[in-house]
Amino acid sequence: MIVAIASGKGGTGKTLLATGLAQVLAADGLATVHLLDCDVEEPNDHLFLSPTLTRKEEVSILVPKIDLARCTFCGRCAQVCTFHALAVVQKKVLTFPQLCHGCGSCARQCASGAISEEPMRMGQLEAGDAGKIHFAQGLMDVGQAMATPVIRRLKQWAIPREAEGDPLVLLDSPPGNACSVVETLRGSDFALLVTEPTPFGLHDLEIAVELARGELKLPVGVVVNRDGVGDHGVDDFCARAGVPILLRIPLDRRIAEAYSAGALWVDAIPEYREPLRRLYREVQAQIGGGQ
Amino acid sequence: MKQSVTLSSKVDTAKSTLGATLARLTARVHSRRSLRTRSRKQWVILSGKGGTGKTTVTAALAHLAAREHQLVLADADVDAANLELLLSPTVVEEHEYVDGKVAAIDPQLCTGCGECAEVCRFGAIVAEGLNYRVDPTACGGCAACRYHCPAKAISMVDSPTGRWFRSETKLGPLFHARLYAGQESSGRLVTQVKQNARLLATEVGADLLLIDGPPGIGCPVIAATSGANLAILVAEPSVSGVHDLERILSTTRHFGVPAVVCVNKADINPAQTAQVKALCATQQVPLVGAIPFDTTVVEAMVHRQPVTQYRSSPAAVALQALWRDLEPWLEAETEQGPDRHAGRHV
């Protein structure tokens, strides 16, 4: 079972929920938990879980390398590159690896076999255990633009194969609703959307529901964080759109203090463990009911 | 085909509408105030981590700056554009932005050989019965399959990226956008929003183009940041906030944009605020403000107002001090902003 934890707006509590849920379910033996931090631009789960990272892998994409001895300067490579990562000027071929998406079209279409592909580093993957949690994260290199290759590779690398029983895979998504979120959510069984009951939270929740339920056809449920601040907009929207609110985490100064200090809130304030166990059962029921 | 014709004519209309608007605004501005020789500035508000208060700070700075300066505003968080919620804009122009393309397989021509699925490195080709189809949410538009298909069954079709708007607000013109769910080219939509804002800012001789940035450090952030004279980084005093501040600082440095840091909710965790301060000291980045935790921020948001409308609230008082610290950067002659160490240390 793969559950993605997402939100349109940043800072609503994705990491809070992902780490809390992973910790409670793993420690209580309710599931074999794999937690993947897919927010490869700003991954934070590790700060709360302090995993012992034992495995590493570099992530790269394949970019063109031109053999000028073979090149006929026909310009076909530049013509087929949608991303303008190659240009042929007289007897020169210019490559712009930062623009390359690694599709391989140039090498494939080169009639004289003058293009080979070489890896260009985008970031790295790291994995290891944090208590009973099997943890993995991606880390995009600073200065790189594309997060999706790192997320794609992270999911291939760290999500266990079906033969390995039915573990719970939690994906901590980046914020927003662009390609990196799609890359995270695709293939999930359920999307938990974390929001806060404010106009910003509502606006971005609407977008997240449109993406997860509308575009990607995933069953969705909402977690309202900092319940008690703001207004009733989120409640009204969820009722209107038929989106279940599965958990409310109240505005609680103790949570903010634990979180800001890098402590696991469910260890600091054990009374929140049962609501998270209940959330897991709710999600299981929602997935079961949908099938 | 018909669709693309309609869209390109829409784009032409958009261009001419924008041109006319520019002329009108330029005339209005020139008649209203004397021309200034001051160089125009472009500031971007960033944070790395989401939800630290970028939009709250942007709206407050806009509100305070607009009292004495002419502004153009841009919301570069096209995934989750929230600045409009605080500025009650009236939309005066709306355009669809079509940038990307996605592959489409003609089922009549497809022979089911599966070569497209083999060349696609993005998992966007899905087997369906004896044929194949494209998952548009996975397709990045590279066209590798199109060039490879032996049956020539694949074409590239327009994939609208989103809509962008020019609005009027009490504080100045606002450029904003809405990325369609799950679209690939958010960076290019950001660039579209920013370029249009820049164009108008240059035309009307605005003192400041203020850009509310997206979270993260990747493509849309790079698009929002390029060309800025100053990045204002809003940090949160938490372990993750400090971690993410470090990454966004490395990013602005990588792209050669001077940065200043302000701490939001500074009193929530004094130890972590001290960490932010220490990070700024080692990285020689000015710390320009500390905003206390204040429930007025949410109250103002609920009432769709910049928090600085609540003039004596603790957050507003701190933001007024922040603006006083930042205003000298507006007057700086150099392209790179004033002395990096000029900020007041809190």
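Residues numbered from 1 in each chain as written. Chains lettered and ligands numbered in written order. Predicted model: local features only at pLDDT ≥ 70, side-chain atom pairs only at ≥ 80, totals over all residues.

**Structural notes on the overall build of chain A**
Moving on, step 1. From N to C terminus, chain A includes 11 helices and 11 strands.
Moving on, step 2. For chain A, the spread of C-alpha atoms along the three principal axes comes to 70 × 40 × 40 Å.
Moving on, step 3. Here chain A, with 291 residues, has 54% of them falling under the buried criterion. (Helix = DSSP H or I, 4+ residues; strand = E, 2+ residues; numbered from the N terminus. Buried ≥ 20, exposed ≤ 12 C-beta atoms within 10 Å, placed from the backbone.)

**Some words on the sheet that holds strand β8 (residues 208–212) of chain B**
All names here are of chain B.
Moving on, step 1. Read across the open sheet, the 9 strands follow the order β3-β6-β7-β2-β8-β1-β9-β10-β11; overall the sheet is mixed. At either margin of the open sheet sits one strand with a lone partner, and together these are β3 (90–105) and β11 (287–291). Between one strand axis and the next, the sheet turns through 20° on average, direction left out of account.
Moving on, step 2. Contacts from helix α2 (residues 54–65) reach β1 (41–46), β2 (71–75), β8, β9 (230–235) and β10 (259–264), with the element oriented near 160° to β8.
Moving on, step 3. Where helix α6 (residues 186–204) meets the sheet, it contacts β2, β3, β6 (154–169), β7 (172–179) and β8, and its direction lies at approximately 165° from that of β7. (Pairing = 2+ DSSP bridges. Axes fitted to C-alpha atoms, helices over the stretch in contact; angles between N-to-C directions. Contact = placed C-beta atoms within 7 Å.)

**Observations regarding the interface of chain A and chain B**
Moving on, step 1. On the side of chain B, 52 residues touch chain A, which itself brings 53 residues to the contact.
Moving on, step 2. Elements represented by at least two residues in the side of chain A that touches chain B include exactly α4 (105–109), α6 (179–185), α7 (199–215) and α9 (253–260) of chain A.
Moving on, step 3. Broken down by element, the side of chain A that touches chain B gets its largest block of residues, 9 residues, from α7 of chain A.
Moving on, step 4. Residue composition of the side of chain A that touches chain B, grouped by class: 22 nonpolar, 22 polar and 9 charged. (Nonpolar A, V, L, I, M, F, W, Y, C, P; charged D, E, K, R; others polar.)

**Section: the confidence of the model for chain B**
Residues and elements named next belong to chain B.
Moving on, step 1. With 85% of its residues at a pLDDT of 70 or more, chain B shows a mean pLDDT of 87.
Moving on, step 2. Across residues 28–38 the pLDDT falls below 50, and counting only partners more than four positions away or on other chains, this stretch makes 7 contacts in the model.
Moving on, step 3. In this model, residues 336–346 is a region of pLDDT below 50 whose contacts with residues beyond four sequence positions or in other chains number 27 contacts.
Moving on, step 4. For this predicted complex, the interface confidence score (ipTM) comes to 0.92, while the overall pTM stands at 0.90. (pLDDT = per-residue confidence, 0-100.)

**Description of the nonpolar core**
Moving on, step 1. Of all hydrophobic cores here, the largest spans 204 residues; its most connected members are Leu170, Leu193 and Ala212 of chain A together with Leu233 and Val261 of chain B.
Moving on, step 2. With 9 residues, the single largest contributor to this core is helix α11 (residues 314–331) of chain B.
Moving on, step 3. Once residues lying within four places of it in the same chain are set aside, the contact partners of leucine 233 of chain B are Leu46, Ser47, Leu245, Ile248, Leu249, Ala259 and Val261 of chain B. (Core = buried A, V, L, I, M, F, W, Y, C linked by C-beta atoms within 7 Å.)

**Topic: the domain arrangement of chain B**
Residue and element names in this part refer to chain B.
Moving on, step 1. Split into domains, chain B comes out as domain 1 (36–88 + 170–331) and domain 2 (100–160).
Moving on, step 2. For domain 1 versus domain 2, the separation of C-alpha centres amounts to 41 Å.
Moving on, step 3. Counting residues at the interface gives 4 residues for domain 1 and 5 residues for domain 2.
Moving on, step 4. When the residues that make up the side of domain 1 that touches domain 2 are grouped by side-chain class, the tally is 1 nonpolar, 2 polar and 1 charged. (Domains from an automatic or database assignment.)

**What to know about the packing of α7 of chain A against helix α8 (residues 233–241) of chain A**
Residues and elements named next belong to chain A.
Moving on, step 1. Remark: α7 packs on α8, axes separated minimally by 9 Å, with the N-to-C direction vectors making an angle of 25°. Here α8 runs roughly parallel to α7, going by the angle between their axes. Across the interface between the two elements, Pro199, Gly201, Leu202, Leu205, Glu206 and Val209 from α7 touch Gly233, Val234, Phe237 and Ala241 from α8.
Moving on, step 2. Grouping the constituent residues of the contact of α7 with α8 by class yields 7 nonpolar, 2 polar and 1 charged. (Parallel < 35°, antiparallel > 145°, perpendicular 65-115°, else oblique.)

**Here we look at the pairing of β9 of chain B**
Within a regular strand, the side chains alternate between the two sheet faces.
Residue and element names in this part refer to chain B.
Moving on, step 1. β9 sits mainly inside the fold: 6 of its 6 residues count as buried.
Moving on, step 2. Here β9 shows two buried faces, one formed by Leu230, Ile232 and Val234 and the other by Ala231, Leu233 and Ala235.
Moving on, step 3. Pairing geometry for β9 and β10, over 5 bridges, is parallel. Note on β10: the bridge partner recorded for alanine 231 is alanine 259.

**Considerations on α6 of chain B**
An α-helical turn contains 3.6 residues, so any two residues separated by three or four positions project in the same direction.
Moving on, step 1. The end-to-end C-alpha distance of α6 of chain B, which contains 19 residues, comes to 27 Å, matching closely the 27 Å that a straight helix rising 1.5 Å per residue would cover.
Moving on, step 2. After α6 of chain B finishes, the residue glycine 205 of chain B shows a positive phi value of roughly 65°. (Expected span 1.5 Å × (residues − 1).)

**Some thoughts on the sheet that holds strand β2 (residues 33–37) of chain A**
For sheets, the rule is that strands pair by backbone hydrogen bonds, running either parallel or antiparallel.
Residue and element names in this part refer to chain A.
Moving on, step 1. Read across the open sheet, the 9 strands follow the order β3-β6-β7-β2-β8-β1-β9-β10-β11; overall the sheet is mixed. Bordering the open sheet on either side are β3 (52–66) and β11 (245–250), each of which pairs with just one other strand. Strand-to-strand twist across the sheet, computed as the mean angle between neighbouring axes with direction ignored, equals 20°.
Moving on, step 2. Here 4 bridges tie strand β1 (residues 2–6) to strand β8 (residues 168–172), and the two strands are oriented parallel to one another. Bridge pairing links isoleucine 5 to aspartate 172 in β8.
Moving on, step 3. Packed on one face of the sheet, helix α5 (residues 148–158) meets β2, β3, β6 (115–130) and β7 (133–140) and runs near 55° to β6.

**As for the pairing of β6 of chain B**
Residue and element names in this part refer to chain B.
Moving on, step 1. Looking at chain direction, β3 and β6 are connected through 14 bridges and run antiparallel. Each bridged residue has a counterpart across the sheet, and for isoleucine 105 the counterpart in β6 is isoleucine 154.
Moving on, step 2. In terms of strand pairing, β6 meets β7 through 8 bridges, oriented antiparallel. When the bridges of β7 are listed, glutamate 168 appears paired with proline 173.
Moving on, step 3. The hairpin formed by β6 and β7 contains 2 residues between the paired strands.

**Points about the domain arrangement of chain A**
Moving on, step 1. We note that the domain assignment places domain 1 (2–59 + 123–290) and domain 2 (68–113) within chain A.
Moving on, step 2. Summarising the inter-unit geometry, the C-alpha centres of domain 1 of chain A and domain 2 of chain A are found 40 Å apart.

**Describing the environment of alanine 138 of chain B**
Moving on, step 1. Inspection of the secondary structure puts alanine 138 of chain B in the loop between β5 (131–134) and α5 (144–148).
Moving on, step 2. The exposure class assigned to alanine 138 of chain B is buried, which follows from the 21 C-beta atoms found within 10 Å.
Moving on, step 3. Once the C-alpha coordinates of alanine 138 of chain B and valine 102 of chain B are considered, the two residues, 36 residues apart in sequence, prove to be 9.2 Å apart.
Moving on, step 4. If near-sequence neighbours (up to four positions away) are discounted, alanine 138 of chain B is found in contact with Arg186 of chain A together with Phe122, Gly123 and Ala124 of chain B.

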